[in-house]
Each structure stands twice: as C-alpha cells, then as structure tokens.
Amino acid sequence: MRPTLAFALAFSAATMVAPLAYAAGASDTEQERNARWQEVAKSIFGDRTIEPTDTLVKLDTPKRAEDAALVPITLSMPDRDKIKAVSLIIDDNPAPYAAKFEFGPAADTRELKLRVRVNNYTDMHAVVETTDGKLYEARQFVKASGGCSAPMGMSDEEAMKGMGDMRMKFAEAQPGKPVEATLMIRHPNFSGMQMNQVTRDYTPARYIDKLTVSAGDQTVFTMTGDISIASNPVINFGFKPDGKAIQVAASDNQGGRWTHSFTAPSPTN
C-alpha cells in the first residue's frame, strides 16, 4: 500500500519532535543530504527502488529563490506514453511530500509548472512512476528558507475572501497539438505554521488536498496536495482537447469543495 501524504506529514512531524542527525540545511554535506533523502523516500515509497534519470523527468528550480513562499517549479516529462504519475518531494520541508500528480488519458506531460513553499536549504526530488511500475527520480538543490511560516501580509479573513474562485487561461489551440493552460485557484493554503499578526496565534492548516482536472469525460490529472503548495495555487499544464469543456473539482482538508467549468479553445484551421 502506498503511503498517503498525511502519513508523510505525520512522519515529518515526528522528526520535528526528535530532530534527525541528517536534517538538511545550508551547512549539510552531500552525504547528509543523501541520508535525509533515503529516510524520506522510505517513508513514502517503502522499499521500492528509485533509479536516477536525466530523460524521463527533469526538475527545473531556481538555485536561490527570490521568495521562499513562492518558489517556481517546472517538471518536464517528454515521453507521455511512459508516465503514469509524478511526485514532488521537498526533503527538508515539515511535510516533505508536497504533491502527487496522477495523469489521465487527456494529459500532456511535457511541461507542468507550479509554485511551492521551501522552508530550508534543501534538495528537491521529482519521482516519476512509469506505466510498468518503476520509479525514477531527478534532483535539484534549492537555497531558500522560511517559506512555510512566511505570513501572507493580510488578515486571515482577507486571505479567505473568494476562496474557491477559479480562473483559467489557454494558449492558442492548433490542430493536432496539445493545448497549454494555466489554472488559478483562490485559496490561502494555510500551512499551520503561519502566525496571525493580530492575534499572535497560529492559523490552523487549511490547504487544497485534492484537485481533479478533466477534458470532457477524460481525466487530465488528479493532484493530491499538502502544505508545501503555495497560497493561491497556479498550475500550468497541457491537455489534449476534444472540443468539450474543461472541468475542475477542488477540495481542501477542512471539507471545502468547489467546481468550475471552462470553455476550452477550438483549433483554428
């Protein structure tokens, strides 16, 4: 049975109570970072073998983030027919398992973008599961700190205004080619580590934990998320158009549920 993100969160919470010798950071050695990854990988994937790859998945990150609460990530998976899912792990975040994307028949995996929080100098891993059940990973080291506890610069009430509102932008559709789309969701994605600047209490965690995007009656992707996804999520993805509407369904860990339908562009002849 594959561990859930909640399992990984419980694992990382335990490490906060009893700090690991291998906790990643600015002064850690390559050996210490690798040892940390082995612990995190085992908590998520068990004893399954994870092989390195430079072709099945590529992970593009800034070497030093301008804003640790809004770190842009690009995942590239050019061989669509071989990719079943991809998991993004931020090794030294309080909840390392940031997100998992499971792809459906309408997905185009060549480029997937999102924004995440980074709490410390850390390795990131993108782990793809291929259609034959094997795991492969790409790694990048990112310099950033404090992203999970960074305040939003507004009250909790203001941050939650319009929660669940969605917008989507489409690139121009061309015959026989996938369409690029950008999904924007209004949601604070509170991490549980942010302090209310008025009450001085910590704001309870409230984050989007599941997101499903469909093109007509075919799934593009289903995302399972956690506290490492940045506030007001923005996700860039590709899909195979069939002339039908794009359906989006989102839910959060506090029981919130939202749906929206968008008219997809039609190819111009």
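Okay, so let's go over this structure. (Residues numbered from 1 in each chain as written. Predicted model: local features only at pLDDT ≥ 70, side-chain atom pairs only at ≥ 80, totals over all residues. Heavy atoms only, no water.)

This part covers the overall build of the protein chain. Helices and strands together make up the secondary structure of the protein chain, namely three helices and 15 strands. With 269 residues in all, the protein chain has 49% of them scored as buried. Across the protein chain, contacts joining residues at least 24 apart in sequence account for 69% of those joining residues at least 6 apart. Accessible area of the protein chain: about 13000 Å², with a carbon and sulfur share of 49%. (Helix = DSSP H or I, 4+ residues; strand = E, 2+ residues; numbered from the N terminus. Buried < 20%, exposed > 50% of the residue type's maximum accessible area, 1.4 Å probe, protein only. Contact = heavy atoms within 4.5 Å. Areas by Shrake-Rupley, 256 points an atom, 1.4 Å probe, with all protein chains shown as cover.)

The end-to-end C-alpha distance of helix 2 (residues 30–45), which contains 16 residues, comes to 22 Å, matching closely the 22 Å that a straight helix rising 1.5 Å per residue would cover. Taken residue by residue, helix 2 has Arg33, Ala35, Arg36, Trp37, Val40, Ala41, Ser43, Ile44 and Phe45 as its buried positions. Within two residues after helix 2, glycine 46 carries a phi angle of roughly 65°, on the positive side. (Expected span 1.5 Å × (residues − 1).)

With that settled, the discussion passes to unusual backbone geometry. Positive phi is not limited to glycine here, since asparagine 189 has a value of about 50°. Looking at where asparagine 189 falls in the secondary structure, it is placed in the loop between strand 10 (179–185) and strand 11 (208–215). A positive phi is found at asparagine 232, a non-glycine position, where the angle reads about 45°. Among the secondary structure elements, asparagine 232 is positioned in the loop between strand 12 (218–225) and strand 13 (234–239).

Considering the arrangement of structural elements, one finds threonine 182 in strand 10. Its relative accessible area of 18% is what places threonine 182 among the buried residues. A distance of 2.7 Å separates polar atoms of two side chains, one belonging to threonine 182 and the other to asparagine 236. Every residue in contact with threonine 182, bar those within four places of it in the chain, is listed here: Arg167, Met168, Lys169, Val234, Ile235 and Asn236. (Polar contact = N/O pair within 3.5 Å; in protein donor to acceptor, adjacent residues only side chain to side chain.)

What follows is about the packing of aromatic side chains. When we look at a pair of aromatic rings, we describe it by the centre distance and by the angle of the planes. Taken as a whole and judged by the stated rule, the model has six aromatic pairs. Note on tyrosine 121 and phenylalanine 141: the rings are 6.4 Å apart at their centroids and 70° apart in plane angle, and the pair reads as edge-to-face. Here the residue tyrosine 121 occupies a position in the loop between strand 6 (107–116) and strand 7 (122–130), and phenylalanine 141 occupies one in strand 8 (residues 135–142), the gap between them amounting to 20 residues. Feature note: the residues Phe101, Phe170, Phe221, Phe237 and Phe239 constitute an aromatic cluster, connected by ring pairs. One residue, arginine 33, lies across the ring of phenylalanine 141, its end atom 4.6 Å from the ring centre. (Phe/Tyr/Trp six-rings, centres within 6.5 Å; stacked < 30°, edge-to-face > 60°. Lys NZ or Arg CZ within 6 Å of the ring centre and 35° of its normal.)

Right, let's get into the pairing of strand 5 (residues 97–103). Burial within strand 5 is extensive, with six of its seven residues counted as buried. Judged from the five bridges that link them, strand 4 (residues 83–90) and strand 5 form a sheet pairing that is antiparallel. Within strand 5, the residue paired with valine 86 across the bridge is phenylalanine 101. Between the end of strand 4 and the start of strand 5, which pair antiparallel, lie six residues. (Pairing = 2+ DSSP bridges.)

Our focus in this paragraph is the nonpolar core. Among the nonpolar cores identified, the biggest contains 55 residues, and Phe101, Val116, Leu183, Phe221 and Phe237 are the most heavily contacted of them. Contacts of leucine 183, omitting those with residues within four sequence positions, involve Met166, Arg167, Met168, Leu211, Val213, Pro233, Val234, Ile235, Phe237, Val248 and Phe262. Ile44, Phe45, Ile50 and Ile89 belong to the second largest nonpolar core, which has 10 residues in total. (Core = buried A, V, L, I, M, F, W, Y, C linked by side-chain atoms within 4.5 Å.)

Here the focus is the environment of glutamine 254. Considering the arrangement of structural elements, one finds glutamine 254 in the loop between strand 14 (246–252) and strand 15 (257–262). In this structure the C-alpha to C-alpha distance between glutamine 254 and arginine 206, which are 48 residues apart in sequence, comes to 6.2 Å. With residues near it in sequence (within four places) discarded, glutamine 254 still touches Ala205 and Arg206.

This part is about the sheet that holds strand 12. Strand order across the open sheet formed by nine strands is 1-8-7-4-5-12-11-14-15, with mixed pairing between neighbours. One side of each edge strand has no neighbouring strand; the edge strands of this open sheet are strand 1 (50–52) and strand 15. The sheet shows a mean angle of 20° between the axes of neighbouring strands, taken without regard to direction. The pairing of strand 11 with strand 12 spans six bridges and is classified as antiparallel. Among the inter-strand pairings, valine 213 is bridged to a residue of strand 12, identified as phenylalanine 221. (Axes fitted to C-alpha atoms, helices over the stretch in contact; angles between N-to-C directions.)

Right, let's get into the environment of asparagine 119. With respect to the helices, strands and loops of the structure, asparagine 119 is situated in the loop between strand 6 and strand 7. Sequence separation between asparagine 119 and alanine 150 is 31 residues; the distance between their C-alpha atoms is 9.1 Å.

In this section: the sheet that holds strand 3 (residues 71–76). Taken in spatial order, the six strands of this open sheet run 2-3-6-13-10-9, and their pairing is antiparallel. In this open sheet, the two strands that pair with only one neighbour each are strand 2 (58–60) and strand 9 (166–170). Going from strand to strand, the sheet's axes swing by 15° on average, the running direction of each strand aside.

Moving on, we come to the side chain of serine 87. Mapped onto the secondary structure, serine 87 falls in strand 4. A polar contact of 2.9 Å, which involves the side chain of serine 87, links it to the side chain of tyrosine 97.

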